[in-house]
Amino acid sequence: MTIPIYEVGRAHATIAAELEAAALRVVRSGHYIGGPEVDAFEREFAAWCGASHCVGVANGLDALHLILRAYGIGAGDEVIVPSNTYVATWLAVSHAGATPVPVEPDEGSHNIDPGRIAAALTSRTRAVMAVHLYGRPAPVDAIRLAVGGRDIKVIEDAAQAHGATLGNRRAGALGDAAAFSFYPSKNLGALGDAGAVLTGDAELADRVRVLRNYGSRKRYENEVIGYNSRLDPLQAAMMRVKLPHVLGWNQQREALAARYLREMAGVPGLVLPEPGGAHWSHVWHQFVVRHPKRDALQSHLEAAGIGTLVHYPIPPHLSGAYASLGLDFPIAARLAREVLSLPIDPFLSEDEAGAVIAAVKSFR
Ligand SMILES: *Cc1c(COP(=O)(O)O)cnc(C)c1O
């Protein structure tokens, strides 16, 4: 038996006819940039998240970057980022010309530790990137308290958290603005690159709309130095088919995670992730365990035919992109040595899940 960490084809096989019909609809529509599929997806995804505005863009990194640009955040400004995140969160800040100011995570949640934010604030701080890592919502309310009464924007990096809830609100409606990625393996994935900005701020949405389209509202009138970062209508059509299934797929992930938590409890050395509670839900973009002998555990699982990945083996501050800054974030560095993502495909069979559990339990 070989068990992939994730195989998006399994979900697509269950809706193949609808995906193919939607693709054909776009081929025949004559609308290949913008148009009704993009407009409809933006409306449907905004409503699904409980946000007033959705602006489709080309990918998640652009969504983060365009939010910063639309807020006028750039050279001389600082943006607080988790030390423990996918590098895109930092890159968006760098692309805007601002400085990422990393803050270490809470080891239980893997998300930014709000208790460490106050010490990182300066007069130049303009925003905090609230990354919902692995599908667990960042503590947005505590982050807001930590920045005090200042005009510091809380920007969600919701790339891993489609459908996750904090209180009675969904990711995308928790911060001042939110960036989503629809990279194919995300909980809602396109069949290529895609992204979106969500916000309750009509002016911000308008600025992102202009920025994504060459800085232009009216053809050949360029108000600002914009970008080409538009959501592809073919991808919008694919996601319109997938969106109604995402909550069900998230529930399948949740059931698998619950079984893992139950049956892997007490394995020596293994630290399991915290399950969601009454106040928040986890959408299990990744099921991430920790183990002091992570590399050996990964090899053991590989020998048993079980695919795993490390999210992420090199934290941003130690990556080539930022290593020259000489930063030291020991918690992020330790997590990078100890974390391991197990298969969490919503279509993993009972037998496959059993094989993952048996292999983890047989590790010595
Ligand atoms: C996937 C991801 C992104 C980037 O998304 P792309 O669409 O690949 O640009 C940003 N942040 C996080 C946390 C992600 O997981």
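Look above for the structure.
About the cut-offs
Residues numbered from 1 in each chain as written. Predicted model: local features only at pLDDT ≥ 70, side-chain atom pairs only at ≥ 80, totals over all residues. Heavy atoms only, no water. Helix = DSSP H or I, 4+ residues; strand = E, 2+ residues; numbered from the N terminus. Rg over C-alpha atoms; globule rule 2.2 N^0.38 Å. Areas by Shrake-Rupley, 256 points an atom, 1.4 Å probe, with all protein chains shown as cover. Lys, Arg positive; Asp, Glu negative; His and termini not counted. Charge placed at Lys NZ, Arg CZ, Asp CG, Glu CD. Near = heavy atom within 4 Å. Polar contact = N/O pair within 3.5 Å; in protein donor to acceptor, adjacent residues only side chain to side chain. 1 Å grid on protein atoms, 1.4 Å probe; cavity = no way out; pocket = protein on both sides within 12 Å on 5 of 7 lines; lining within 4 Å. Sits in = over half its atoms within 2 Å of the grid points. Buried < 20%, exposed > 50% of the residue type's maximum accessible area, 1.4 Å probe, protein only. Pairing = 2+ DSSP bridges. Right-handed = clockwise from strand over helix to strand, strands pointing away. Points joined across faces, edges and corners; volume = space filled by probe spheres on them. Nonpolar A, V, L, I, M, F, W, Y, C, P; charged D, E, K, R; others polar. Core = buried A, V, L, I, M, F, W, Y, C linked by side-chain atoms within 4.5 Å.

Asker: Explanation requested: the overall build of the chain in the structure shown.
Answerer: For the chain, the helix and strand inventory stands at 12 helices and 13 strands. In terms of C-alpha radius of gyration, the chain reaches 20 Å, essentially the compact-globule figure of 21 Å for 364 residues. Expressed as lengths along the three principal axes of its C-alpha atoms, the size of the chain is roughly 65 × 55 × 40 Å. Total accessible area on the chain stands at roughly 15100 Å², and carbon and sulfur atoms take up 54% of it. Across the chain, the mean location of the 34 positive side-chain charges is 1 Å away from that of the 37 negative side-chain charges.

Asker: How do you make sense of the site of the ligand when you look at a structure like this?
Answerer: The environment of the ligand is made up of 13 residues, and the closest members are Gly60, Asp157, Gln160, Ser181 and Lys186. Ser181 places a polar side-chain atom, nitrogen or oxygen, 2.7 Å from an oxygen atom of the ligand. Taken by itself the ligand offers 380 Å² of open surface, and the protein chains cover 90% of this. A molecule is said to occupy a pocket when more than half its atoms come within 2 Å of that pocket's grid points, and by this definition the ligand occupies the largest pocket.

Asker: Got a minute to help me understand the pairing of strand S3 (residues 99-103) in this structure?
Answerer: In terms of burial, S3 is a largely internal element, four of the five residues being buried. Sheet topology places strand S2 (residues 78-82) next to S3; five bridges connect them, and they run parallel. Paired with Val79 across the two strands is Pro100, which belongs to S3. Regarding topology, helix H5 (residues 88-95) serves as the crossover connection from S2 to the parallel S3, and that connection is right-handed.

Asker: I would appreciate a short explanation of empty space enclosed by the protein in the present structure.
Answerer: Think of a ball as big as a water molecule: rolled over the atoms, this probe shows where empty space is left. Inspection of every chain in the model, using the stated rule, returns three cavities of 30 Å³ or more. The calculated volume of the largest cavity comes to roughly 90 Å³. In this structure, the largest cavity is lined by Gly108, Ser109, His110, Leu133, Tyr134, Arg136, Pro273, Glu274, His282, Gln286 and Val288. A class-by-class count of the residues in the lining of the largest cavity yields four nonpolar, five polar and two charged.

Asker: Quick question: what am I supposed to make of the nonpolar core here?
Answerer: Formed by 44 residues in total, the largest nonpolar core has its most connected members in Phe45, Ile80, Ile117, Phe182 and Leu198. Judged by nonpolar contacts, the second largest core, of 32 residues, contains Leu256, Tyr260, Val267 and Val288.

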